[in-house]
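Given next are the chains, with one letter for each unit.
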Amino acid sequence: MKAFYHLFSLLLILTSYSCASSGELQGGPKDTVAPKLVVEKSSPNFALRNTQRSFVFTFDEFVEVKEVIKQVLVSPPLVYIPRIKARGKEVSFSFNEKEELKENTTYIIQFGEAIRDYTEQNKVLNFKHVFSTGDVIDSLELKGRITDETKGEGVAGISVMLYDDLLDSAIIRRKPFYFTKTDATGHFELGNLKNDTFRLVAIKDENNNLQFDELNELIAFEDRFVWWSDSLSQNRNLVLYKTDVTPLYSGYKHKSAGLLGIKWHTEPKQLPPVKLEPEPDEMASWLRGDSMFVYYHYLVAPDSFWLDAGNKRGGLAMPDTSASPRSLSFQPEFGSVGIVPGDTLWIDWERPIAKIDKSLISLGDSSTTLKFEIVKAYPKKTGIFAPMLPKQAYNLSILPGAFKDVYGNTHDTLSQSLKTFAIEKLSQLKLEVVGLDSTKQYLVNLLKANKILKTTEIQKMGHQILFFDRLKSDTYTVQIIEDSNANGRIDAASYWEQKPAEKMKQYNLEKLRESWTLETKVDYRENSQPAPNNPGIR
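Computed from a predicted structure; not experimentally measured.

Section: the overall build of the chain
Move 1: The secondary structure content of the chain amounts to 3 helices and 39 strands.
Move 2: Against the compact-globule benchmark of 24 Å for 538 residues, the chain has a radius of gyration of 34 Å, which places it well outside the compact range.
Move 3: Based on the C-alpha atoms only, the size of the chain along its principal axes is roughly 105 × 90 × 55 Å.
Move 4: Taken over 538 residues, the chain has a buried fraction of 42%.
Move 5: Taking as baseline every contact in the chain between residues at least 6 positions apart, the subset at least 24 positions apart corresponds to 63%.

Set out below in structure tokens:
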């Protein structure tokens, strides 16, 4: 009985312990407060005639530093990387022993979001340390915002830089005197600036080297300098552009007589100027990636000729004609299904076409052969246009010999089945464009998946209604370009010419449904996406 009593007591204790131990420990609310600087235990801010090379900042809780290279900015920029570390509640900053501080200069050390508490990662924002090696702390400031070219929205993380070297080449030769980065809304603020004249430039600094790399980086700039007269603060807003890079000649290939390949250091947006001397009797050029191909033909071929490409000039020997290519490849720009009646069937050839034999081309169905026309888009595209009916199946046959290039080469057989789209499933767009300057010219592009489908020109009209028909059900974008020089294309910015890009805005439209007419309005004065006037009509 006594043994049973002891066993019962033990079970009761264990059961009570289990009940008391179940559940989770409940703590207090999550810490969301960033560490605070303990001023009396830290290096004094805004010190004059500073000779110290190390600073210590003490906070009210344990901290750490992260992304130092990205977050910590020092103006004027340093030659050598400083040492920054956290230990316990302290963050220390030390100049490299080789760094020579400038005389009579205000230095600003900005920590960005590098300092965070150890447990919850709450960030210390806008923390900076300022000192002067002279008798004064500079007090001028510059504020502003960097926006993107298309939507006018602020861009975060852009390096905003001031140069006391006013030459335009300073942005590729040296680092700026002051710099900072934009916040999440694109705004920036540069403070404690000296009274001087500066060149203002902002770049999307992809490699964090504080220099403009024209091939890969966006840039914002003004054609005027920044200086202060009677105001302590200036405000400048800039637009970020992709610049128009001048392609530089980087080599050539000349294996076949009559065909010359020229390599450029970047992909040209339009044909760069190229000259052959003596001048050929026939010459055509086209682009493929970062290469430019030049077809040339001399009635009396010289033994050699001169090539002028970019700023380079060199002599080329005429290759042996036996080295000419022996085959001709091609790429159809149409698929087997979804052909819209009235569309041209385009084929992109490897080289310019010199001869066409229509008797070796046929297009029709099982009972009818269609009459067709050949359309040439010089130098190396051909199109086949035929009155195809909707919802019909056709077969296109192109036999060897139908097309011959400038060397007399032909192609393999092309045999492709085609199925046309139902006309009643096609839709149309009625687009009213308003808010234009009646003294200017505009280009209106209709895009699908970033590819331009149709372009319309509006000349010196404040508003115009445009119609786009025979459209498939899909999502489309309208792009409006202010064609300042009336050359029929958009011109990118040029920093070296201090020329901004032509103004462009894009508007996403409501999805176009089958058998639908979408009526909508775009106001060029606005950046917001347009809403249709009505949901559409059948």
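Moving on from the coordinates now.
Comments concerning the sheet that holds strand β34 (residues 441-448)
Move 1: On the basis of which strands lie adjacent, the open sheet formed by 4 strands has the order β35-β34-β37-β38 and antiparallel pairing. The open sheet is flanked by β35 (451-459) and β38 (504-508), the only strands paired with a single partner. Each neighbouring strand pair of the sheet contributes to a mean axis angle of 20°, computed without reference to strand direction.
Move 2: Both β34 and strand β37 (residues 477-482) contribute to a ladder of 6 bridges, which runs antiparallel. Looking at the pairing, leucine 447 lines up with threonine 477 of β37.

Considering empty space enclosed by the protein
Move 1: Following the criterion strictly, the structure yields 1 cavity of 30 Å³ or more and no others.
Move 2: What the largest cavity holds in volume is close to 40 Å³.
Move 3: Lining the largest cavity are Leu429, Leu446, Leu471, Tyr476, Leu509, Glu510, Leu512 and Leu518.
Move 4: Looking at the lining of the largest cavity residue by residue, the classes come out as 7 nonpolar, no polar and 1 charged.

Observations concerning a nonpolar patch on the surface
Move 1: A surface patch of nonpolar side chains, about 270 Å² in accessible area, is lined by Leu166, Phe225 and Trp227.
Move 2: Tracing the sequence through the fold places phenylalanine 225 in the loop between β14 (219-221) and β15 (233-240).

Some details on the layout of surface pockets
Move 1: In this structure, the largest pocket encloses a volume near 920 Å³.
Move 2: For the lining of the largest pocket, the secondary-structure elements that each account for two or more residues are α2 (68-71), β3 (73-75), β6 (106-110), β11 (178-181) and β12 (187-193).
Move 3: Ranked by the residues each element gives to the lining of the largest pocket, the list is headed by β12, at 5 residues.
Move 4: Among the residues forming the lining of the largest pocket, the class breakdown is 10 nonpolar, 12 polar and 9 charged.

As for the pattern of salt bridges
Move 1: For the structure shown, the criterion picks out 27 salt bridges.
Move 2: For aspartate 474, the salt bridge is made with lysine 448, and the minimal N-O distance between the two is 3.9 Å. Of this pair, aspartate 474 sits in the loop between β36 (464-471) and β37 while lysine 448 sits in strand β34; the two residues are 26 residues apart in sequence, bridging distant segments of the chain.
Move 3: Residue aspartate 474 is classed as partly exposed on the basis of its relative accessible area of 28%.

Some points on the side chain of serine 132
Move 1: Summarising the element assignment, serine 132 is placed in strand β8 (residues 128-132).
Move 2: Within the structure, the side chain of serine 132 is placed 2.7 Å from the backbone oxygen of valine 136, a separation counted as a polar contact.
Move 3: With sequence-adjacent residues up to four places away left out, serine 132 is seen in contact with Ala47, Leu48, Arg49, Asn50, Thr105, Thr106 and Ile137.

Thoughts on the environment of alanine 402
Move 1: Here alanine 402 lies in the loop between β30 (393-398) and β31 (403-405).
Move 2: Along the chain, alanine 402 and lysine 269 lie 133 residues apart, while their C-alpha atoms are 32 Å from each other.
Move 3: Setting aside anything within four residues of it in sequence, one finds alanine 402 in contact with Lys355, Ile356, Asp357, Leu360, Ile361, Thr410 and His411.

With respect to the confidence of the model for the chain
Move 1: Summary statistics for the chain give a mean pLDDT of 86 and a share of 91% for residues scoring 70 or more.
Move 2: When the elements of the chain are averaged for pLDDT, helix α1 (residues 2-21) gives the smallest value, 45, and strand β1 (residues 54-58) the largest, 97.
Move 3: Long-range and interchain partners of residues 528-538, a stretch whose pLDDT sits below 50, account for 33 contacts in this model, where long-range means more than four residues apart.

Notes on the sheet that holds β30
Move 1: If you trace the 4 strands from one edge of the open sheet to the other, you get β24-β32-β30-β27, paired in mixed fashion. Across the chains shown, the open sheet's two edge strands, defined by having one partner strand only, are β24 (337-339) and β27 (361-364). The average undirected angle you get between the axes of adjacent strands in this sheet is 35°.
Move 2: Bridge count between β30 and strand β32 (residues 414-420): 6 bridges; the pairing is antiparallel. From the neighbouring strand, asparagine 395 faces β32, where its bridge partner is serine 417.

Observations regarding the nonpolar core
Move 1: The biggest cluster of nonpolar side chains holds 22 residues, and the ones touching the most others in it are Leu142, Ile146, Leu162, Tyr178 and Leu193.
Move 2: Put simply, the parts of the chain that give this core at least two residues each are β9 (140-148), β10 (159-163), β12, β13 (199-203) and β15.
Move 3: Those residues in contact with leucine 193 that sit more than four places away from it in its chain are Asp138, Ser139, Leu140, Glu141, Leu142, Leu162, Tyr178 and Trp228.

A few points about the packing of aromatic side chains
Move 1: Taken as a whole and assessed by the stated rule, the structure comprises 26 aromatic pairs.
Move 2: When the ring of phenylalanine 55 is compared with that of phenylalanine 93, the centres are 6.4 Å apart and the planes differ by 35°; the resulting orientation is tilted. Here phenylalanine 93 lies in strand β5 (residues 90-94) and phenylalanine 55 lies in strand β1, a separation of 38 residues in the sequence. Note on accessibility: phenylalanine 55 and phenylalanine 93 belong to one class, buried.

Quick notes on the rules
Residues numbered from 1 in each chain as written. Predicted model: local features only at pLDDT ≥ 70, side-chain atom pairs only at ≥ 80, totals over all residues. Heavy atoms only, no water. Helix = DSSP H or I, 4+ residues; strand = E, 2+ residues; numbered from the N terminus. Rg over C-alpha atoms; globule rule 2.2 N^0.38 Å. Buried < 20%, exposed > 50% of the residue type's maximum accessible area, 1.4 Å probe, protein only. Contact = heavy atoms within 4.5 Å. Pairing = 2+ DSSP bridges. Axes fitted to C-alpha atoms, helices over the stretch in contact; angles between N-to-C directions. 1 Å grid on protein atoms, 1.4 Å probe; cavity = no way out; pocket = protein on both sides within 12 Å on 5 of 7 lines; lining within 4 Å. Points joined across faces, edges and corners; volume = space filled by probe spheres on them. Nonpolar A, V, L, I, M, F, W, Y, C, P; charged D, E, K, R; others polar. Patch = residues over 30% accessible without salt bridge, like charges linked within 9 Å, V, L, I, M, F, W, Y side chains within 5 Å. Areas by Shrake-Rupley, 256 points an atom, 1.4 Å probe, with all protein chains shown as cover. Salt bridge = Lys/Arg side-chain N within 4 Å of Asp/Glu carboxyl O. Polar contact = N/O pair within 3.5 Å; in protein donor to acceptor, adjacent residues only side chain to side chain. pLDDT = per-residue confidence, 0-100. Core = buried A, V, L, I, M, F, W, Y, C linked by side-chain atoms within 4.5 Å. Phe/Tyr/Trp six-rings, centres within 6.5 Å; stacked < 30°, edge-to-face > 60°.

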